[in-house]
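Secondary and tertiary structure notes
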Amino acid sequence: MKLLNSFGPNPRMVRMFLAEKGIELPMQDHDLLAGENRQSAYTSKNPAGQLPALELDNGTVIGETVVICEYLDEVNPGKTLVGNNAEEKAISRMWQRRIELNITEPAYNGFRFAEGLELFKNRVRCIPEAAEGLKDTAQRNLKWLDNLISGRDFICGNQLRLADLILYCCLDFAAGVGQPLNPELKNINAWFKRVDARPSAKASLHPAYEQVKMKG
């Protein structure tokens, strides 16, 4: 199998997962900034036109970052970032959905509709007038999360899970595109530093990040 890879916070999340699990996969890089993922050669494999994707040896292509990670977690037993039993998996998925729906999606769309408008205006429907409201929604929900993770090392408790990788990659990216992390959120800032210090954080950065001046 191989990872259809690119620059960007979502591909970075999967690369960070691979580093945490100790999984090595061949990677086929695609030029996301040039829109290669919207061309027929790629959409014939992943009709959603999103990166990354996982191409299995039998030709099956799996899209969606969380699905890719859960598949790889299952076929590579040992250290898990999903959970060891039904309860742990349910808690992990619960927080993953809360993070995505309440924080990362508003933050990413806030970027797409504002700082990233020139890049995305011909790829997805953009609503520039919604950008500031979306950014504010993400910030308000980060404040909500800040209260909930008091006393925890990570979002789900004391074990690193997918929710941590999803939020970390989003916040590290967002900080460089007009959505800095509020220093008043003491628990979130402490959590961020904890995740940022992991070797997987640096190892997962795409070689192009310095050139494009965005963390992805």
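Below or above, wherever it landed, is the structure these notes cover. Note that the structure is a prediction, hence the values are computed from the model and not measured.

1. What to know about the sheet that holds strand β2 (residues 27–29)
Pairing in this open sheet of four strands is mixed, and the strands run β2-β1-β3-β4 from one edge to the other. With one partner strand each, in any of the chains shown, β2 and β4 (61–62) form the two edges of the open sheet. Bridge count for strand β1 (residues 2–5) against strand β3 (residues 53–55) is three bridges, and the pairing is antiparallel. For L4, the partnering residue across the bridge sits in β3 and is A53. Along the sheet face, helix α3 (residues 65–75) touches β3 and β4 and points at about 45° away from the line of β3.

2. Here's the deal with the environment of G151
Here G151 is to be found in the loop between α6 (131–148) and α7 (162–174). The spatial distance from the C-alpha of G151 to the C-alpha of N187 is 8.2 Å, given a sequence separation of 36 residues.

3. Some words on the environment of N76
By the element assignment, N76 lies in the loop between α3 and α4 (86–112). When its relative accessible area of 26% is taken as the criterion, N76 is described as partly exposed. Excluding residues within four positions of it along the chain, N76 makes contact with K21 and I23. Of the polar contacts made by the side chain of N76, one reaches the backbone oxygen of L72; its length is 2.9 Å.

4. Observations concerning the nonpolar core
As a rule of thumb, nonpolar side chains are buried together in soluble globular proteins. With 40 residues, the main nonpolar core has F17, L167 and W191 as its most contacted residues. Sorting the residues of this core by element identifies α1 (9–21), α3, α4, α6, α7 and α8 (186–196) as the ones contributing at least two each. Of all the elements, α7 adds the most residues to this core, at eight residues. With residues near it in sequence (within four places) discarded, F17 still touches I23, C69, L72, D73, L81, L162 and L165. In this structure, F113, F120, A138 and F173 belong to the second largest nonpolar core, which totals 13 residues.

5. Remarks on the environment of I91
Examined against the element boundaries, I91 turns out to sit in helix α4. Separated by 66 residues in the primary sequence, I91 and G157 have C-alpha atoms spaced 9.5 Å apart.

6. As for unusual backbone geometry
When glycine is set aside, most residues are seen to have a negative phi, and most peptide bonds are trans. Of the consecutive residues L51 and P52, the connecting peptide bond is found in the cis state with omega at 5°. With respect to the secondary-structure elements, P52 resides in the loop between α2 (40–43) and β3. One non-glycine residue, E64, adopts positive backbone phi at about 75°. Residue placement: E64 occurs in the loop between β4 and α3.

7. Some remarks on empty space enclosed by the protein
Going through the model one piece at a time under the given rule, you end up with one cavity of 30 Å³ or more. Around the largest cavity sit I103, A107, A138, Q139, L142, L171, A174 and Q179, which together line it. Counting residues per element, the ones that place at least two in the lining of the largest cavity are α4, α6 and α7. If you tally residues by element for the lining of the largest cavity, the top one is α6, at three residues.

8. Digging into the pattern of salt bridges
Applying the stated criterion to the full structure yields 13 salt bridges. Where E132 meets K135, a salt bridge forms, and the shortest distance between an N and an O atom there is 3.7 Å. Linking E132 with K135, this pair stays in helix α6, spanning three residues, or about one helical turn. In this structure K135 comes out as buried when scored by relative accessible area, which is 9%.

Criteria and cut-off values
Residues numbered from 1 in each chain as written. Predicted model: local features only at pLDDT ≥ 70, side-chain atom pairs only at ≥ 80, totals over all residues. Heavy atoms only, no water. Pairing = 2+ DSSP bridges. Helix = DSSP H or I, 4+ residues; strand = E, 2+ residues; numbered from the N terminus. Contact = heavy atoms within 4.5 Å. Axes fitted to C-alpha atoms, helices over the stretch in contact; angles between N-to-C directions. Buried < 20%, exposed > 50% of the residue type's maximum accessible area, 1.4 Å probe, protein only. Polar contact = N/O pair within 3.5 Å; in protein donor to acceptor, adjacent residues only side chain to side chain. Core = buried A, V, L, I, M, F, W, Y, C linked by side-chain atoms within 4.5 Å. 1 Å grid on protein atoms, 1.4 Å probe; cavity = no way out; pocket = protein on both sides within 12 Å on 5 of 7 lines; lining within 4 Å. Points joined across faces, edges and corners; volume = space filled by probe spheres on them. Salt bridge = Lys/Arg side-chain N within 4 Å of Asp/Glu carboxyl O.

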